[in-house]
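Here is what each chain is made of, one letter per residue.
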Amino acid sequence: MAATTDATRTDRGVAHPLDPLTTDEIARTVAILREGRGLGDEARFVDISLREPEKDELARHEAGEPIPREAAVVVADRTAQTTHEAVVSLDDGAIGTWDTVPGVQAAITLDEYVECEQAVRADPRFREALARRGISEPQNVMAEAWSLGGHAEPGEQGRRLAWTPCWYRESLADNAYARPIEGLYTVVDLNTMEVLRVEDTSDVPVPEASGAYRPDQVGPLRDDVRPLEVVQPEGPSFEVEGREVRWQKWRFRVGFTPREGLVLHTISYHDQDRWRPIVHRASYAELVIPYGDPSPGRFRTNAYDIGEYGIGPMTNSLELGCDCLGEIRYLDAVVHDSHGEPITIGNAICMHEEDYGLLWKHYDWQAEDSEVRRSRRFVISSIITAANYEYAFYWYLYQDGTIETEVKLTGIVLTSAVHPGEKPEYGRLVSPGLSALNHQHFFCVRLDMAVDGHRNDVHEVHTESVPAGPENPYGNAFKAVATQLSSERDAQQLIDPLSARFWRFSNPDRRNTVGDPVAYQLVPGSNVLPFAAEGSSGLARAGFVTKHLWVTPYAPRERYPAGEYPNQHLGGAGLPEWTAADRSIEGTNLVAWYTFGSHHIARVEDWPVMPVARIGFTLMPDGFFDQNPALDVPPPPHACHPEHSS
Ligand SMILES: [Cu+2]
């Protein structure tokens, strides 16, 4: 096994207009802004990312030419309590634009998260509430800064606010979420780090069990797990050059932003002697987790990990043989703290090949021969830790032209404490006195589609029975029915597994061998709808979760389904707002937004650390190729004889 990293990449500079900002570029952006705007300690650098070139700029760029570079920056001024957006040109060191955005709160930075906990631990009212529970060591209390969402009280509006659920641990060896301190919450102004109020509403005891899960705490470990190694004696069958990856007939670029983490650019497939684009840009654009407990304080439990925090800085540094197995290539990611200091996350993105079982097979019983091919898939992944939870994001490319994405959800469920013997109504007991709250995880993947070019259409396709009658005299008939989705409102769709519904993205300018427009299907996986009530703050703020599919005509500022600034936004931003115009989505550059929910009513087995749950969806070629594109995959090296396969 061998691993290489691109640690030297930043020394070599930028190779392509879509390369993420380097350490040097982030530092330079901050220096230009500090100098040009006279920014001091009051400035929190919330987001410093590449201003990505538009498609026409990208098309004009030729290899070897100078690469224009611009940084897009969000700054929160904690003294003036204002939010600013800047565009900085890294070519001439100039601030292109500096705008103040009224009435919004930028995402919460990790620095604020840490400072907030310090402020809470130091608060005398909080300490008194701990003492009443017999807790004398505030340093052993973890207080998390959760966005206050839409729940500011009169007089608090306009402030930058977090509320803080908290947990007690005797030592760092304990599970951090085993001992919720029920009913003790604070509300903190993140600009001033002032604890505005301390809520102390419960006499539920702190649960006793430590929730240990580490190997020295849970033994004996099973002793019959023998080594399983993945060996590729000639090395992997892919190439990484800078941020460009080529594997089999696939080619794409790997991006990364502080808000979205892993991003894939210009995914294309080599066919008919050319590179045929499929998706121009793919990312997880939002992730919201609504919880279903209405109890005092806890009704606020709701998090937008992407929009309210940004998952880039939460990205793990991956370890060979642990997070990924086999012949791995890693890419680093560069993020920054709220002071604008660049931070390199080594081995942030993992890439490798996996054997994926059967690709295709047929045994011809008369010819007595068998043709069988092994499937291999290319895996691009990154893992984030969002406080209690881990989200492992995977993109898979297959030899038959399929693209799949999957999230593996693991980590520790969010807990509350209940009186001994009580059964919680809005959670499930996972350990005595410990409840895991009912919740859902809604992911929204944004896909800037480019099916064989940028002018695309979209159809809804489902299957219908034909009523018995002259057209269907034997009653056996069923057919697929395709309906073009012409406008944004038409394209607000729900899954319908019982009618085998999928959505077909096609290119009206290119036909396949049977005369149909070349296309890709978006095939849903398991999914769910929210259970929050109509008119609730949670649902108003997350309008995008009320539909599984949205399709919009491409617009550069339409990047995040709950809007640019979900933190403390009262609702309506993003997809519901943009699609109110009901724009045409015929024959244009389409952006598909697919929302999928992982529904989580916890099990005892989810404690103390949760086995992986999976969810995702697939993009499958549908007449994009002229036949099975995987016929040219060679047979396995050891000849497969018919007598072995009959
Ligand atoms: Cu969950």
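Below is a summary of the structure that appears in this document. (Residues numbered from 1 in each chain as written. Predicted model: local features only at pLDDT ≥ 70, side-chain atom pairs only at ≥ 80, totals over all residues. Heavy atoms only, no water.)

Considering the overall build of the chain
Inference 1: In terms of helices and strands, the chain carries ten helices and 33 strands.
Inference 2: In terms of overall dimensions, the chain is globule-like: its C-alpha atoms have a radius of gyration of 26 Å, near the 26 Å expected for 646 residues.
Inference 3: Taken over the C-alpha atoms alone, the chain extends approximately 85 × 65 × 60 Å along its principal axes.
Inference 4: The proportion of buried residues among the 646 residues of the chain is 54%.
Inference 5: A fraction of 66% describes how many contacts in the chain between residues 6 or more apart in sequence connect residues 24 or more apart.
Inference 6: Approximately 28100 Å² of the chain is accessible, and the part contributed by carbon and sulfur atoms is 51%.
Inference 7: Mean positive and mean negative side-chain charge positions of the chain (59 and 97 charges, respectively) differ by 1 Å. (Helix = DSSP H or I, 4+ residues; strand = E, 2+ residues; numbered from the N terminus. Rg over C-alpha atoms; globule rule 2.2 N^0.38 Å. Buried < 20%, exposed > 50% of the residue type's maximum accessible area, 1.4 Å probe, protein only. Contact = heavy atoms within 4.5 Å. Areas by Shrake-Rupley, 256 points an atom, 1.4 Å probe, with all protein chains shown as cover. Lys, Arg positive; Asp, Glu negative; His and termini not counted. Charge placed at Lys NZ, Arg CZ, Asp CG, Glu CD.)

Points about the state of the cysteines
Inference 1: Summed over the entire model, instances satisfying the criterion amount to one disulfide.
Inference 2: Residue pairing for cysteine 324: its cysteine sulfur links by disulfide to cysteine 350, the two sulfurs lying 2.3 Å apart. With cysteine 324 in the loop between α7 (305-309) and β18 (328-336) and cysteine 350 in strand β19 (residues 342-364), the pair connects residues that are 26 residues apart, well separated along the chain. Comparing cysteine 324 with cysteine 350, the two get one shared label, buried.
Inference 3: This cysteine, cysteine 116, is not joined by any disulfide, and cysteine 166 carries the nearest cysteine sulfur, 11 Å off.
Inference 4: A residue is classified by how much of its surface remains accessible, and cysteine 116, at 0% relative accessible area, is buried. (Disulfide = S-S within 2.5 Å.)

Observations concerning the environment of glutamine 105
Inference 1: Assignment of secondary structure puts glutamine 105 in the loop between β5 (94-100) and α4 (110-122).
Inference 2: Between the C-alpha atoms of glutamine 105 and glutamine 568, which are 463 residues apart in sequence, the distance is 6.5 Å.
Inference 3: Among the polar contacts made by the side chain of glutamine 105, one reaches the main-chain carbonyl oxygen of glycine 158 at a distance of 3.4 Å. (Polar contact = N/O pair within 3.5 Å; in protein donor to acceptor, adjacent residues only side chain to side chain.)

Notes on the pairing of strand β24 (residues 427-431)
Inference 1: Two elements, β24 and strand β25 (residues 434-437), share four bridges in a ladder whose sense is antiparallel. For arginine 428, the partnering residue across the bridge sits in β25 and is alanine 436.
Inference 2: Between the end of β24 and the start of β25, which pair antiparallel, lie two residues, with glycine 433 showing a positive phi angle near 70°. (Pairing = 2+ DSSP bridges.)

Describing the nonpolar core
Inference 1: In this structure, Ile380, Tyr391, Trp395, Phe443, Leu447 and Phe505 are the most contacted members of the largest nonpolar core, which totals 109 residues.
Inference 2: Ranked by residue count, the leading element in this core is strand β16 (residues 274-290), at six residues.
Inference 3: The residues touching isoleucine 380, leaving out its near neighbours within four places in the chain, are Phe252, Leu262, Leu264, Ile349, Cys350, Met351, Phe393, Tyr394, Trp395 and Leu397.
Inference 4: Leu39, Val75, Leu90 and Trp98 belong to the second largest nonpolar core, which has 18 residues in total. (Core = buried A, V, L, I, M, F, W, Y, C linked by side-chain atoms within 4.5 Å.)

So, helix α2 (residues 23-37)
Inference 1: Its 15 residues place the ends of α2 21 Å apart at the C-alpha level, agreeing with the 21 Å of an ideal helix rising 1.5 Å per residue.
Inference 2: Along α2, the residues classified as buried are Glu25, Ile26, Thr29, Val30, Ile32 and Leu33. Taken end-on, α2 shows its buried residues confined to a sector of 160°, consistent with a single buried face. The outward face of α2, more than 90 degrees from its buried face, is lined by the exposed residues Asp24 and Glu35.
Inference 3: Packing partners of the buried residues in α2 comprise β2 (43-50), β3 (70-77), β4 (82-89), β5, β18 and β19.
Inference 4: Backbone geometry just downstream of α2 places glycine 38 in the positive-phi region, at approximately 60°. (Expected span 1.5 Å × (residues − 1). Arc of directions from axis to C-beta.)

Some details on the packing of aromatic side chains
Inference 1: Under the definition given, this model contains 29 aromatic pairs.
Inference 2: With 6.4 Å between their ring centres and 85° between their planes, phenylalanine 393 and phenylalanine 443 make a pair best called edge-to-face. With phenylalanine 393 in strand β21 (residues 389-398) and phenylalanine 443 in strand β26 (residues 439-449), this residue pair connects regions lying 50 residues apart in the sequence. Each member of the pair, phenylalanine 393 as well as phenylalanine 443, carries the same accessibility label: buried.
Inference 3: Ring-pair connections join several aromatic residues into one group, and the members of that group are Tyr284, Tyr389, Tyr391, Phe393, Trp395, Phe443, Trp503, Tyr594, Phe596 and Phe617. (Phe/Tyr/Trp six-rings, centres within 6.5 Å; stacked < 30°, edge-to-face > 60°.)

Details of the packing of α4 against helix α5 (residues 124-132)
Inference 1: Between α4 and α5, the shortest axis-to-axis distance is 5 Å and the interhelical angle comes to 65°. The angle between the axes of α4 and α5 places the two elements in the roughly perpendicular class. Contacts between α4 and α5 involve Val120, Arg121 and Ala122 from the first element and Pro124, Phe126 and Arg127 from the second. (Axes fitted to C-alpha atoms, helices over the stretch in contact; angles between N-to-C directions. Parallel < 35°, antiparallel > 145°, perpendicular 65-115°, else oblique.)

Some details on the layout of surface pockets
Inference 1: Estimated volume of the second largest pocket: approximately 760 Å³.
Inference 2: Lining the second largest pocket are 29 residues; nearest its centre among them are His16, Glu244, Arg251, Arg253 and Thr266.
Inference 3: Of the residues belonging to the lining of the second largest pocket, the class tally is ten nonpolar, nine polar and ten charged. (1 Å grid on protein atoms, 1.4 Å probe; cavity = no way out; pocket = protein on both sides within 12 Å on 5 of 7 lines; lining within 4 Å. Points joined across faces, edges and corners; volume = space filled by probe spheres on them. Nonpolar A, V, L, I, M, F, W, Y, C, P; charged D, E, K, R; others polar.)

Looking at the coordination of the copper ion
Inference 1: Protein coordination at the copper ion comes from Tyr389 (OH), His439 (NE2), His441 (NE2) and His600 (ND1), with a distance range of 2.0 to 2.1 Å.
Inference 2: Viewed at the metal, the four donor atoms of the copper ion are separated by angles of 89 to 151°, and the geometry they form is irregular.
Inference 3: Going along the chain, you hit the donors of the copper ion in the pattern Y-x49-H-x1-H-x158-H. Per residue, the accessibility class of histidine 439 equals that of histidine 441, and both read buried. (Donors = N, O, S within 2.8 Å, 3.2 Å for Na, K, Ca; no water. Tetrahedral: all angles 85-135°; square planar, octahedral: opposite > 155°, others 65-115°.)

What about the pattern of salt bridges?
Inference 1: Enumeration according to the criterion identifies 47 salt bridges in this entry.
Inference 2: In this structure, arginine 246 and glutamate 244 form a salt bridge, with 3.1 Å as the shortest nitrogen-oxygen distance.
Inference 3: By relative accessible area, arginine 246 is classed as partly exposed at 34%.
Inference 4: On the basis of relative accessibility, which here comes to 18%, the residue glutamate 244 falls in the buried class.
Inference 5: Put simply, glutamate 488 and arginine 583 hold a salt bridge, and the shortest N to O gap is 2.6 Å. You can see glutamate 488 sitting in the loop between β28 (478-484) and β29 (502-511) and its partner arginine 583 sitting in the loop between α9 (575-579) and β32 (590-600), a full 95 residues away along the chain.
Inference 6: For glutamate 488, a relative accessible area of 0% gives the class buried. (Salt bridge = Lys/Arg side-chain N within 4 Å of Asp/Glu carboxyl O.)

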